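Structural characterization, general
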Amino acid sequence: MLEPERYELFSGPAYQFTPDRRDFFKILGGGIVVLLMLPDQAASQESGVSARTGGGTGLPKAAAAWMHIGEDGIVKFFTGKVEVGQNSRTALTQAVAEELHTPVESIEMVMGDTDLTPFDMGTFGSRTTPTMAPQLRRVAISAREWLLDLAAEQWRADSATLKIDNGRVQGPSGKTASFGELTKGKNLVKEVGAGPVSKPRGESVPKVNGRAMVTGHHPYTPDIKRSGMLHGRILRPSAFDAKLTSIDATGVAKFPGVQVVRDGNFVGIVGPEAHTLPRALAAIHAEWKTEPQPGSKDLFAYLRPAAPPPAAPGTLEATYNIAYIAHVPLEPRAAVAEWAAGRLTVWTGTQRPFGVRTELAQAFQIPESQVRVIVPDTGSGYGGKHTGECAIEAARLAKAAGKPVKLVWTREEEFTWAYFRPAGVIDIRSATGKDGIITNWEFHNYNSGGSGIETPYEIAHKQIQFHAVKSPLRQGSYRGLAATANHFARESHMDDMARAAEIDPLEFRYRNLKDPRMHAVLEAAAKQFGWGKSKPKPNHGFGIACGFEKGGYVASCAEVAVDPGTKRIKLERVVTAFECGAIVNPEHLTNQVEGAVVMGIGGALFEALEFEDGKILNGKLSRYRVPRFSDLPKLETILIDRKDLDSAGAGETPIVALAPSTGNAIFNAVGVRLRTLPMVLPGTKT
Amino acid sequence: MDLEVNGRTYKLEGDPERNLLGVLRDELDLTGSKYGCGEGQCGACTVLIAGAPVRSCITPLRVAAAKAITTIEGLASNGNLHPLQQAFLDADAFQCGYCTPGMIMSAAGLLAKSANPATPQITRAMHGNVCRCGTYPKIIAAVRLAAAAMKRGTHA
């Protein structure tokens with residue numbers, strides 16, 4: 001299901017057809033193919049969001065995953081998911097290796113290639129682990145059973161007496177066969193449907209392509225080189241929504257081999273040497289027409305212009321503000337585009353290879369079958385790489401140049417022409433009974449989004465509402481979506497309510513919770529932190545917060561130190577308890593939890609985009625501070641393994657409790673409630 | 001102009017002001033060093049010049065000429081990983097891996113100067129390297145692991 005706040009997404013193609021069976025062998029060579037056919041993923045994921053054909057009951061079936069074992073015994077699994085640093089390549093390889101009783105090293109996971117892999121909506125919403133892992137497991141189980149049947153046939157044995165061990169089929173009388181010996185001369189396809197799978201073993205398998213990363217050999221998109229390839233640059237408008245009124249590109253002539261490409265408002269250059277292009281671009285004189293636009297200074301008044309009407313007596317009310325922030329993936333948007341015989345191939349780092357294929361087909365008015373998008377394992381996304389801007393630009397330049405073109409966005413371009421985590425204003429009104437039970441809860445979110453907007457607490461009277469606003473900046477998905485904003489507001493307010501009721505914040509939460517899983521993470525975090533056992537040192541404070549999102553439960557306890565002179569805030573210690581069902585890979589899960597916490601520090605304490613009249617004012621790393629080594633608190637992570645539950649994704653939820661636990665700790669330290677993200681104390685010296 | 005990279009000498013012509021990162025990546029096909037910000041703020045482009053970590057994206061070619069440059073591609077010898085590379089694998093010190101070459105080169109510069117750095121020293125020395133995935137705790141663990149391995153002399 002798509003959250004409505006994923007503003008950057010288009011709807012997918014209306015139909016998805018499974019490739020002709022013979023095509024598999026044409027592309028992949030002989031052997032055996034297992035196809036997992038499920039109700040059309042595109043149609044079911046989109047239902048309720050857009051009116052498409054085939055929605056509702058009787059959904060058509062489409063291939064969700066497939067695998068191929070060649071006549072050489074090489075095992076390849078195919079998924080439309082991509083690897084953007086969340087270690088899905090390793091997690092998925094691990095899952096199928098477990099089911100196929102085969103070493104991890106012997107499996108190749110083909111990901112995110114629109115010519116080779118099944119259609120997939122995209123890698124977002126923490127869906128890879130709960131959805132794709134069981135699907136690939138199902139395929140691996142079928143393949144295992146099939147291989148045993150093939151061996152049984154060959155050896156005239158009962159397949160129940162055979163097994164696969166360490167990638168070889170083992171017979172009763174010491175006979176063994178490699179996969180290749182069984183698939184030789186075969187051209188067979190088997191279709192399977194959904195079915196039961198095993199729970200993950202929960203082992204820490206090292207990153208499967210880690211060696212290529214530590215040696216610098218893994219080719220990210222900006223590292224790809226094609227024969228005859230040129231480099232590109234784009235002339236950017238002076239502000240958002242600016243219209244080109246005049247252009248003089250004659251100055252480019254003095255740069256040998258540099259060509260100007262112009263198509264309406266689109267102006268770019270291509271040339272054989274990347275290092276001459278910035279100067280060639282500067283030689284173009286362009287005039288742009290711009291309109292006045294809202295700025296970051298008056299942002300919150302713009303998002304929620306009218307203050308709410310007066311509250312009833314006995315009501316606790318507060319307003320929270322959330323700034324726009326940028327994803328800052330260390331690999332900026334990049335694409336290599338190549339046209340051959342009217343067919344377009346683009347290598348690009350995106351979380352939605354099929355979505356970008358659609359964008360490209362629409363931009364060039366060609367059928368999707370004429371577009372191939374290949375996603376190399378990418379230098380991160382965090383929800384920020386769902387769109388194909390750079391792919392389209394590179395393809396337009398390559399079309400004009402008649403040669404492959406590589407376009408790598410500069411950091412400033414990434415800061416300006418990508419999309420941002422939505423800003424927002426949140427109004428809360430609440431009432432609590434004498435027994436510390438919340439009786440009334442009113443929560444209005446303007447613009448930032450609806451994720452995590454529901455309260456996990458048991459409250460008799462609730463009114464919870466998201467209000468859409470025309471955003472002054474282009475906005476879209478970000479790790480955790482609006483759950484960070486909504487949890488910040490809710491969990492900050494919970495502490496204010498606890499204080500008003502003169503109850504310890506942990507006890508106040510327990511008193512209003514029924515969900516045992518939330519209780520368990522709170523208890524685990526509090527125990528590890530030593531909540532209630534000691535008082536903070538002078539200028540230090542303790543805070544707690546919890547949350548639930550995308551099938552995962554998180555609780556964080558934070559200790560902050562406030563410098564009495566500079567008022568600067570430093571996170572000293574963060575204890576995070578996280579539970580997302582059965583654990584797939586504890587090492588990589590710890591990395592995801594800690595990574596989310598560290599990323600959360602930026603949005604909590606210093607990240608905010610400044611803008612004015614359609615211009616980003618701090619769009620470079622020297623002006624926009626992201627968390628660094630020195631910001632690192634002592635991190636303690638407690639993973640609760642619920643082997644009895646399905647595995648949920650973990651890339652997003654651990655971020656949501658960091659900001660409110662930090663804010664609560666700041667209040668505990670200095671008695672000031674900060675209600676704007678990022679949280680900066682008045683009078684801070686930078 | 002002569003450029004000595006990973007023990008190999010390259011003859012280069014043209015603008016001596018162009019940045020070293022672009023030369024390594026676009027002209028010598030050594031793409032292990034990454035572009036991240038273009039202003040020396042993220043450390044993804046870090047290489048060693050005469051043993052010291054340098055941000056190649058803001059280093060003009062003329063400054064690097066005729067000095068020994070080591071990039072991530074030159075760190076392993078005869079197929080044996082450098083102890084830092086092995087330690088990053090063992091400590092699982094990466095997620096997307098894009099910052100990893102720069103992290104390893106900065107750490108290599110640190111360990112060349114200081115064989116057994118304590119955590120605060122690692123934190124200071126690596127402050128200019130950004131890991132947006134937030135893998136900092138594992139990276140510190142990897143640097144300590146590599147320091148211990150180098151001290152034991154278990155590497156080639």
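Residues numbered from 1 in each chain as written. Chains lettered and ligands numbered in written order. Predicted model: local features only at pLDDT ≥ 70, side-chain atom pairs only at ≥ 80, totals over all residues. Heavy atoms only, no water.

Looking at the sheet that holds strand S2 (residues 61-70) of chain A
Residue and element names in this part refer to chain A. This is how it is decided: When DSSP finds two or more bridges between a pair of strands, those strands are recorded as paired. Helix and strand labels come from DSSP, where a helix needs a run of H or I of at least four residues and a strand needs a run of E of at least two; each type is numbered from the N terminus. For helices, the axis comes from a line fit to the C-alpha atoms of the stretch in contact; other axes are also lines fit to C-alpha atoms, and the angle between any two N-to-C directions lies between 0 and 180 degrees. Contact between two residues is taken to exist if any of their heavy atoms lie within 4.5 Å; hydrogens are not considered.
Spatial ordering of the open sheet is given by S4-S3-S2-S1-S8, a layout of five strands whose pairing is mixed. Of all the strands in the sheet, the pair left with one neighbour each is strand S4 (107-111) and strand S8 (187-192). On average, each strand axis in the sheet is inclined to that of its neighbour by 20 degrees, with strand direction left out of account. Summarising the sheet, S2 and strand S3 (residues 75-79) pair through four bridges and their orientation is antiparallel. Bridge pairing in S3 places Ile69 opposite Val75. Its contacts with the sheet put helix H1 (residues 21-28) on strand S1 (31-39), S2, S3 and S8, and the angle it makes with S8 is roughly 125 degrees. Sheet strands in contact with helix H3 (residues 88-100) are S2, S3 and S4, and its direction is about 135 degrees off that of S4.

Things to note about the domain arrangement of chain A
Residues and elements named next belong to chain A. Note the cut-off: Per the annotation, domain bounds derive from an automatic or database assignment of domains. Note on definitions: buried area is the accessible-area loss of two parts on being combined, 1.4 Å probe, summed for both. Salt bridge, as applied in this entry: a Lys or Arg side-chain nitrogen positioned within 4 Å of an Asp or Glu carboxyl oxygen. We define a polar contact as two N or O atoms separated by no more than 3.5 Å, with the added condition that, inside protein, one atom must be a possible hydrogen donor and the other a possible acceptor, whereas residues neighbouring each other in sequence contribute only through side-chain atom pairs.
Here chain A is partitioned into domain 1 (21-214), domain 2 (222-290 + 333-408) and domain 3 (424-677). With centres defined by C-alpha atoms, the gap from domain 1 to domain 2 works out at 35 Å. In this complex, domain 1 contributes 22 residues to the contact, which on the side of domain 2 involves 17 residues. The largest share of the area that domain 1 buries against domain 2 comes from Val84, Thr114 and Asp115, three residues that together contribute 38% of it. Here domain 1 and domain 2 share four salt bridges between them. A salt bridge links Asp115 to Arg343; the shortest N-O distance between them is 2.9 Å. In this assembly, domain 1 and domain 2 are joined by eight residue pairs in polar contact (both at pLDDT 80 or more).

Comments concerning the pattern of salt bridges
Between side chains of opposite charge, a pair can form when the charged atoms approach closely. All names here are of chain A. Quick reminder of the rule: Classification of residues uses two cut-offs on accessible area relative to the type maximum, computed with a 1.4 Å probe and protein chains only: under 20% is buried, over 50% is exposed, and between them is partly exposed.
Summed over all chains, the structure comprises 44 salt bridges over all chains. Asp644 serves as the salt-bridge partner of Arg642, at 2.9 Å between the closest nitrogen and oxygen. For Asp644, a relative accessible area of 53% gives the class exposed. Within this structure, Glu98, Glu99, Arg137 and Arg144 form a network of salt bridges that share partners.

Considerations on the nonpolar core
Note the following rule: In these notes, a set of buried Ala, Val, Leu, Ile, Met, Phe, Trp, Tyr and Cys residues joined through side-chain atoms within 4.5 Å is what counts as a nonpolar core.
The biggest cluster of nonpolar side chains holds 167 residues, and the ones touching the most others in it are Leu360 and Leu605 of chain A together with Leu84, Phe88 and Met103 of chain B. When residues of this core are assigned to their parent elements, the largest contribution, nine residues, is made by helix H15 (residues 586-605) of chain A. Excluding residues that lie within four positions of it along the chain, Leu84 of chain B makes contacts with Ile104, Ala107, Ala108, Leu111, Val143 and Ala146 of chain B. Counting residues in each nonpolar core, the second largest holds 39 residues, with Val104, Met109, Trp155 and Ile164 of chain A among its members.

Thoughts on unusual backbone geometry
Leaving glycine out, the prevailing phi sign among residues is negative, and the prevailing peptide bond configuration is trans. Residues and elements named next belong to chain A. Leu677 connects to Pro678 through a cis peptide bond whose omega is -5 degrees. Even without being glycine, Asn166 reaches a positive phi, approximately 50 degrees. Within the secondary structure layout, Asn166 lies in the loop between strand S5 (163-165) and strand S6 (168-170). Since its relative accessible area comes to 58%, Asn166 is described here as exposed. In this structure, Gln365 takes a positive phi of about 50 degrees despite not being glycine. Checked against the element boundaries, Gln365 lands in the loop between helix H9 (353-364) and strand S17 (371-374). The exposed category is assigned to Gln365, whose relative accessible area is 72%.

Comments concerning the interface of chain B and chain A
With 50 residues of chain B at the contact, the number on the chain A side is 55 residues. Taken together, both faces of the contact between chain B and chain A bury some 4300 Å²; the carbon and sulfur share is 56%. Contact with chain A buries area across many residues of chain B, yet Gln95, Tyr98 and Arg132 of chain B alone supply 20% of it, more than any other trio. Where chain B touches chain A, the interface holds six salt bridges. With a closest N to O distance of 2.9 Å, Lys225 of chain A and Asp29 of chain B form a salt bridge.

So, the sheet that holds strand S1 (residues 2-5) of chain B
All names here are of chain B. Read across the open sheet, the five strands follow the order S2-S1-S5-S3-S4; overall the sheet is mixed. The open sheet has two edge strands with one neighbour each: strand S2 (8-11) and strand S4 (52-55). If you compare each strand with its neighbour and ignore which way they point, the axes differ by 35 degrees on average. Two strands pair when backbone bridges link them, and strand S3 (residues 46-49) and strand S5 (residues 68-70) are joined in this way by two bridges, in the antiparallel orientation. Paired with Ile49 across the bridge in S5 is Ile69. Helix H4 (residues 100-113) contacts S3, S4 and S5 of the sheet and is inclined by roughly 30 degrees relative to S3.

Considerations on the domain arrangement of chain B
Residues and elements named next belong to chain B. As assigned here, chain B comprises domain 1 (2-74) and domain 2 (83-152). Inter-centroid distance (C-alpha atoms) of domain 1 to domain 2 is 21 Å. Contacts between the two partners involve 16 residues from domain 1, matched on the other side by twelve residues from domain 2. Summed over both partners, the interface of domain 1 with domain 2 comes to about 1100 Å²; 61% of that surface belongs to carbon and sulfur atoms. Between domain 1 and domain 2 we count zero salt bridges in total.

Quick word on helix H1 (residues 20-27) of chain B
All names here are of chain B. Summarising burial for H1: six of the eight residues are buried, a large majority. Turning to H1, its buried residues number three or more, namely Leu20, Leu21, Gly22, Val23, Leu24 and Arg25. Next to the buried residues of H1 lie S1, S3, helix H2 (61-64) and S5.

Here we look at H3 of chain A
Residues and elements named next belong to chain A. Note the threshold: The length a helix should cover is 1.5 Å for every residue beyond the first.
Given a rise of 1.5 Å per residue, 13 residues ought to cover 18 Å, and the 18 Å separating the end C-alpha atoms of H3 matches this to within 8%. For H3, the tally of buried residues reaches 13 of 13 residues, placing the bulk of the element in the interior. Downstream of H3 by a residue or two, His101 has a phi angle that is positive, lying close to 55 degrees.

Looking at the side chain of Thr410 of chain A
Mapping Thr410 of chain A onto the fold places it in the loop between strand S18 (405-408) and helix H11 (411-417). For Thr410 of chain A, a relative accessible area of 14% corresponds to the buried category. With near-sequence residues (within four places) excluded, Thr410 of chain A lies in contact with Arg233 of chain A together with Tyr35 of chain B.

A short note on the pairing of strand S16 (residues 343-348) of chain A
Residue and element names in this part refer to chain A. Rules: When the strands point away from the viewer and the path from the first strand over the helix to the second turns clockwise, the crossover is right-handed.
In terms of burial, S16 is largely enclosed, as five of its six residues are buried. Two successive antiparallel strands, strand S15 (residues 334-340) and S16, enclose a turn made up of two residues, where Ala341 displays a positive phi of approximately 50 degrees. Here S16 runs beside S17; their pairing, made up of four bridges, is parallel. Opposite Trp347, over in S17, you have Ile374 as the bridge partner. Crossover connection from S16 via H9 to parallel S17: handedness right-handed.

Section: the packing of helix H3 (residues 83-91) of chain B against helix H6 (residues 136-152) of chain B
All names here are of chain B. Let me state the cut-off plainly: Relative orientations are named as follows: roughly parallel for angles under 35 degrees, roughly antiparallel for angles over 145 degrees, roughly perpendicular for angles from 65 to 115 degrees, and oblique for any other angle. The handedness criterion is simple: a crossing whose near helix is rotated anticlockwise from the far helix by less than a right angle is left-handed, and one whose near helix is rotated clockwise is right-handed. Classes in brief: Ala, Val, Leu, Ile, Met, Phe, Trp, Tyr, Cys and Pro nonpolar; Asp, Glu, Lys and Arg charged; the others, Gly included, polar.
Across the interface, H3 lies against H6 with an axial gap of 8 Å and an inter-helix angle of 135 degrees. Overall, the two elements H3 and H6 adopt an arrangement that is oblique. The hand of the H3/H6 crossing is right-handed. Residue-level inspection shows Pro83, Leu84, Ala87, Phe88, Asp90 and Ala91 of H3 in contact with H6, the latter providing Lys138, Ile139, Ala142, Val143, Leu145, Ala146, Ala149 and Met150. Its residues assigned to classes, the contact of H3 with H6 shows twelve nonpolar, no polar and two charged.

Quick look at the packing of aromatic side chains
Residues and elements named next belong to chain A. Quick reminder of the rule: Between the rings of Phe, Tyr and Trp (Trp by its six-membered ring), a pair exists once the centres lie within 6.5 Å; its type follows the angle of the planes, with under 30 degrees stacked, over 60 edge-to-face, and the other angles tilted. Definition used: whenever NZ (Lys) or CZ (Arg) falls within 6 Å of the ring centre and also within 35 degrees of the ring normal, the charge is taken to sit over that ring.
Scanning the model with the defined rule gives 13 aromatic pairs over all chains in all. On the numbers, 5.2 Å between centres and 65 degrees between planes, the contact of Phe119 with Phe354 is edge-to-face. Note that Phe119 is positioned in the loop between S4 and helix H4 (128-155) and Phe354 in helix H9, a separation of 235 residues in sequence. What links up through ring pairs into an aromatic cluster is the set Phe529, Trp531 and Phe542. Across from the ring centre of Trp409, 4.8 Å away, lies the NZ or CZ of Arg236, which sits over that ring. Directly above the aromatic system of Tyr478 lies the positively charged group of Arg421, at a separation of 5.5 Å from the ring centroid.

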